[in-house]
Amino acid sequence: MQAPSHAPHSSAELVCELCRGFYDLGWASGTGGGISIRDEDGIWIAPSGVQKERIAARDVFLLDAAQLDEARILRRAADPALRISECTPLFFNAYRDRGAGAVLHSHSMWAVLAARLFSPEGGAARFVVQGLEMQKGLRGKGCFERVEIPIIPNTARECELTESMAAAMAAHPDVDAVMVAGHGVYVWGESWVQAKTQAECLDYLFRAVVEAHRLGLPLEGSPA
Ligand SMILES: [Zn+2]
């Protein structure tokens, strides 16, 4: 019989369900990407280096939401061989600095290509888009506004992004996302629904800018 501490939990189930959806979108292939959700019990985070579309609820870690300076594990994965996600300190940036209810990380091809357009060398830059209806899905944004998402340089290990991500968040308080050159994007929201909605709208905007560039169409805000 399964130990009660490893009983399935709705937020743990939701992490698994959303990871399957993100896998289908191409956001979490090759074990990359993932999502973390905060509820009244704490912060639920998937294990590291596993096939994100095949995670079981019993293998989702639970962390203490009252302890945001460092990750304190309340419940481990049922499988003792599993380690907690490499993204944990990055997810914690959004929980600590923005009071997020959920944070997701995508390795979307559109995010990678959009970042490459604005940061050909992989350095710090900003993705810019303007004039698209889907901008309305971003917190506080209208469709005619200029939207700027910070891009930070990638690092050899995911956890080494922690400080530069926090600095980019502080410099761009009007948006709930940080792109990582050659890597993907972190997106958060006050709930998992808002985090998912913003991530979907951003992915659409990334794709729109990349495709417009490919077609040679002038798009407000995009690079020449
Ligand atoms: Zn990643």
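*Asks:* Sorry if this is basic, but what is going on with the sheet that holds strand β8 (residues 177-180) here?
*Replies:* Across a sheet, strands are paired by hydrogen bonds formed along the backbone, either parallel or antiparallel in direction. Spatially, β4-β3-β2-β1-β5-β9-β8-β7-β6 is the arrangement adopted by the 9 strands of the open sheet, whose pairing is mixed. Where the open sheet ends on each side, the last strands, each with one partner, are β4 (73-75) and β6 (125-130). Taken over all neighbouring pairs, the strand axes of this sheet differ in orientation by 25 degrees on average, direction set aside. Where strand β2 (residues 42-45) meets strand β3 (residues 61-63), 3 bridges bridge the pair, whose relative direction is antiparallel. Residue Ile45 lies in a different strand from β3, and its bridge partner there is Phe61. Where helix α4 (residues 162-171) meets the sheet, it contacts β7 (146-152), β8 and β9 (184-189), and its direction lies at approximately 160 degrees from that of β7.

*Asks:* I'm lost on the pairing of strand β5 (residues 102-106) in this one. Help?
*Replies:* Remark: a regular strand shows side chains that alternate across the two faces of the sheet. Buried residues dominate β5, accounting for 5 of its 5 residues. Of the two faces of β5, the one lined by Ala102, Leu104 and Ser106 and the one lined by Val103 and His105 are each fully buried. Looking at chain direction, strand β1 (residues 34-39) and β5 are connected through 4 bridges and run antiparallel. Across the sheet, residue Ile37 finds its bridge partner in β5, namely Ala102.

*Asks:* Explanation requested: the coordination of the zinc ion in the structure shown.
*Replies:* Note on metal sites: the ideal angle is 109.5 degrees for four tetrahedral donors, and 90 or 180 degrees for six octahedral donors. Coordination of the zinc ion by the protein involves His105 (NE2), His107 (NE2), Glu158 (OE) and His183 (NE2), with metal-donor separations of 2.1 to 2.4 Å. Considered as a linear motif, the donors of the zinc ion on their single chain read H-x1-H-x50-E-x24-H. In this pair, His107 sits in the loop between β5 and α3 (109-118) while His183 sits in the loop between β8 and β9, placing the two residues 76 residues apart along the sequence. A relative accessible area of 27% means that His107 is categorised as partly exposed.

Calculation rules
- Along every chain, residues carry numbers that run from 1 in the direction the sequence is written.
- Owing to the predicted nature of the model, reporting of local features is limited to residues with pLDDT of at least 70; listing and counting of side-chain atom pairs is limited to 80 or more, with chain, interface and lining totals taken over all residues.
- In computing side-chain properties, one takes all heavy atoms of the structure into account and sets aside hydrogens as well as water.
- DSSP calls a pair of strands paired once it identifies at least 2 bridges connecting them.
- Each helix is a run of H or I in the DSSP string that is no shorter than four residues. Each strand is a run of E no shorter than two, and both are numbered from the N terminus.
- A fitted line through C-alpha atoms represents every axis, and for helices the fit uses only the stretch in contact; the resulting angles, taken between N-to-C directions, go from 0 to 180 degrees.
- For this analysis, residues touch if any pair of their heavy atoms sits within 4.5 Å.
- Burial status follows relative accessibility: with a 1.4 Å probe on protein chains alone, a residue under 20% of its type maximum counts as buried, one over 50% as exposed, and anything between as partly exposed.
- Metal coordination here is assigned from N, O and S atoms located within 2.8 Å of the ion, or within 3.2 Å for Na, K and Ca; omission of water means that sites may look incomplete.

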